[in-house]
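Each chain, written out:
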Protein chains: 2
Amino acid sequence: MNIDSTAQRNTKQRSAVSAVLNETEGFNSAQDLHAILRDRGERVGLTTVYRTLQGLADAGEIDVMRPPGGEHLYRRCSQGHHHHLVCRSCGRAVEVEGPAVESWADRVAAKHGFVDVSHTMEIFGTCPECAAKR
Amino acid sequence: MNIDSTAQRNTKQRSAVSAVLNETEGFNSAQDLHAILRDRGERVGLTTVYRTLQGLADAGEIDVMRPPGGEHLYRRCSQGHHHHLVCRSCGRAVEVEGPAVESWADRVAAKHGFVDVSHTMEIFGTCPECAAKR
DNA sequence: GCGCTTTTGACAATCATTATCATTGTCAGC
DNA sequence: GCTGACAATGATAATGATTGTCAAAAGCGC
């Protein structure tokens, strides 16, 4: 029997994926991460990358985003609940907090009798640099 | 010349898809809609369903949602910008408005110099009926 | 070191969505 | 009401990210 079911083992692959996430700045797709690991000479299977990312996401250590019409993107984020302001053009992401939004979502859901509430929010736009280039 | 570039033609298929969207209540996937049309005896290709839905979505006549780990869902919605409170269990969706959220998103984006801003938000929860059943 | 258990990873399978392209249906002008 | 140009359709194949499979290869506790 186990109270916490997170009986994870430390493996090179897990560390490698985590390391890449630490060093990269913006969001990366699973395939991107796999390619990066490949370039570094780390021998990690694509399947393992996916599994590791899922695990980290479940553990709340990384953030997942599903941009419209694209693949899943992963990023190591600061702890706690927050949202992202993402540049449509260059992919740069800014973490933003909105306590007002959180409470609004909870309030609305409660008003309709919904329980076990979660929410997702992404803001898309063009960042100043990209806007200037055009 | 044409001020609006939507030079769409009226076809039976387009009407059929639109009709189904009018009659169904919650969110439907493209494949669901295709199945419904099939059952009705309407002969509409899956490709056309996808194309029609895309067109309607672009025109802002229907709403698209990308639930975590699922396919795209479409629904005819009231005009104007709004968000959805969706039941995780039965799929029932409630339209909600949050002017505070809109302005917050715009404000945050502006503060970081982002332009041409849009955003997406979905609230997930368990509706009272489904919560009671458990 | 030993053995049990988890993890890995090459490959195949899945599945929603998109591209292709010849055929068909619409609409505008006559 | 015809007709012809051109958009729309749809059966099928292609795409591509993600997931399943399962034998082989590490970890970890002893």
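Residues numbered from 1 in each chain as written. Chains lettered and ligands numbered in written order. Predicted model: local features only at pLDDT ≥ 70, side-chain atom pairs only at ≥ 80, totals over all residues. Heavy atoms only, no water.

The cut-off we apply is this: UniProt positions are given in the numbering used here, feature names are shortened, and annotations may be inferred rather than shown by experiment.
Looking at an unreviewed UniProt entry, one finds chain A named Zinc uptake regulation protein, with Paractinoplanes tereljensis as its source organism. Under the UniProt heading Sequence similarities (unreviewed entry), the note attached to chain A is "Belongs to the Fur family." Per UniProt, chain A has the following entry under Subunit (unreviewed entry): "Homodimer."

1. Here we look at the protein's contact with DNA strand C
Operational definition: If even one non-hydrogen atom of a residue comes within 4 Å of a molecule or strand, that residue is called near it. Polar contacts, as used here, are pairs of N or O atoms within 3.5 Å; protein pairs need one atom able to donate a hydrogen and one able to accept it. Residues neighboring in sequence count only if both atoms are side-chain atoms. Every helix listed is a DSSP run of H or I at least four residues long, and every strand listed is a run of E at least two residues long, numbered separately from the N terminus. Each residue receives one of three labels: charged for Asp, Glu, Lys and Arg, nonpolar for Ala, Val, Leu, Ile, Met, Phe, Trp, Tyr, Cys and Pro, and polar for the others, Gly being one of them.
What surrounds DNA strand C is a group of 21 residues, the closest being A:Thr11, A:Arg51, B:Arg9, B:Tyr50 and B:Gln54. Considering DNA strand C, the proportion of its atoms within 4 Å of the protein that are sugar or phosphate atoms stands at 64%. A:Thr48 is positioned with one of its side-chain polar atoms (N or O) 2.9 Å from a phosphate oxygen of DNA strand C. B:His72 is positioned with one of its backbone polar atoms (N or O) 2.8 Å from a phosphate oxygen of DNA strand C. Sorting the residues of the surface near DNA strand C by element identifies helix 1 (12-23) and helix 3 (46-58) of chain A together with helix 3 (46-58) of chain B as the ones contributing at least two each. Across the surface near DNA strand C, the residue classes tally to 3 nonpolar, 11 polar and 7 charged.

2. Observations concerning the relation of the copies chain B and chain A
Note the cut-off: The copies were overlaid with a least-squares fit restricted to C-alpha atoms from residues scoring a pLDDT of at least 70 in each copy. It only takes one pair of heavy atoms within 4.5 Å for two residues to be counted as in contact.
Expressed as a screw transformation, the operator carrying chain B onto chain A has a rotation angle of 180° and an axial translation of 0.0 Å, and the superposed copies differ by an RMSD of 0.1 Å. As the rotation angle and translation indicate, the two copies are arranged about a two-fold axis. Across chain B, the rotation axis passes nearest the C-alpha of B:Met121, at a separation of 2.2 Å. The residues that chain B uses at the interface reappear at the interface of chain A in 100% of cases, marking a shared surface.

3. Some words on the confidence of the model for chain A
Under the convention used in this document: Per residue, pLDDT measures the predictor's confidence, with a range of 0 to 100.
Put simply, chain A has an average pLDDT of 84, and 93% of its residues get 70 or more. Note on residues 1-5 of chain A: pLDDT under 50 across the span, and 0 contacts to partners over four residues away in sequence or across chains.

4. Let's talk about the domain arrangement of chain A
All names here are of chain A. We apply this condition: Domain delimitation in this document rests on an assignment produced automatically or drawn from a domain database. A quick way to say it: buried area is the sum, across both parts, of accessible area lost when two parts are put together, with a 1.4 Å probe. By definition, a salt bridge exists where a carboxyl oxygen of Asp or Glu is found within 4 Å of a side-chain nitrogen of Lys or Arg.
Partitioning chain A into structural domains gives domain 1 (1-77) and domain 2 (80-134). Distance between the C-alpha centres of domain 1 and domain 2: 22 Å. Contacts between the two partners involve 7 residues from domain 1, matched on the other side by 7 residues from domain 2. Around 610 Å² of area is buried between domain 1 and domain 2 when both sides are counted, 65% of it from carbon and sulfur atoms. Across the pair Arg75 and Glu95 runs a salt bridge, and its minimum N-O distance is 3.9 Å. Connecting domain 1 to domain 2 are 0 residue pairs in polar contact (both at pLDDT 80 or more). In terms of residue class, the side of domain 1 that touches domain 2 is built from 5 nonpolar, no polar and 2 charged.

5. Considering the sheet that holds strand 6 (residues 115-126) of chain A
Filter applied, for reference: A pair of strands is treated as paired once DSSP finds two or more bridges between them. Convention adopted: a line fitted to C-alpha atoms gives each axis, helices being fitted over their contacting stretch, and angles between N-to-C directions are expressed from 0 to 180 degrees.
Sheet architecture is open: 6 strands sit in the order 5(A)-4(A)-6(A)-6(B)-4(B)-5(B), paired in mixed fashion. The sheet is open, and its two borders are formed by strand 5 (93-96) of chain A together with strand 5 (93-96) of chain B, each paired with just one other strand. Pairwise comparison of adjacent strand axes, ignoring direction, gives a mean angle of 20° for this sheet. Of the strand pairs in this sheet, strand 4 (residues 83-87) of chain B and strand 5 of chain B are connected by 4 bridges, and their pairing is antiparallel. Looking across to strand 5 of chain B, one finds that B:His84 is bridged to B:Glu95.

6. A short note on the protein's contact with DNA strand D
Looking at DNA strand D, there are 21 residues lining it, with A:Tyr50, A:Gln54, B:Thr11, B:Thr48 and B:Arg51 nearest. Here the atoms of DNA strand D within 4 Å of the protein split so that 66% fall in sugar or phosphate, with bases taking the remainder. Taking A:Gln54, its side chain carries an N or O atom lying 2.6 Å from a phosphate oxygen of DNA strand D. The set of elements that each furnish at least two residues to the surface near DNA strand D consists of helix 3 of chain A together with helix 1 (12-23) and helix 3 of chain B.

7. Re the UniProt feature "binding site: Fe cation" (unreviewed entry) in chain A
Defined as follows: Only protein chains enter the accessibility calculation, which uses a 1.4 Å probe. A residue is then buried if its area is under 20% of the maximum for its type, exposed if over 50%, and partly exposed in between.
When the UniProt feature table is mapped onto this chain, "binding site: Fe cation" (unreviewed entry) is found at A:His81, A:Glu102 and A:His119. The named residues occupy 39 residues along the chain; their greatest pairwise C-alpha distance, 10.4 Å, places them in one compact cluster. The topology assignment puts A:Glu102 in helix 4 (residues 99-111). Those residues in contact with A:Glu102 that sit more than four places away from it in its chain are A:His81, A:His83 and A:His119. Classification of A:His119 as buried rests on a relative accessible area of 12%. Apart from residues lying up to four places away in sequence, A:His119 is in contact with A:His81, A:His83, A:Glu102, A:Ala105, B:Met121, B:Glu122, B:Ile123 and B:Phe124. Engagement of the side chain of A:His119 in a polar contact is seen with the side chain of A:His81, the distance being 3.1 Å.

8. Re the sheet that holds strand 3 (residues 73-76) of chain A
All names here are of chain A. Pairing is antiparallel across the open sheet formed by 3 strands, whose spatial order is 1-3-2. In this open sheet, the two edge strands, each paired with only one partner strand, are strand 1 (28-29) and strand 2 (62-65). Set on the sheet, helix 3 makes contact with strand 2 and strand 3; between it and strand 2 the angle comes to about 110°.

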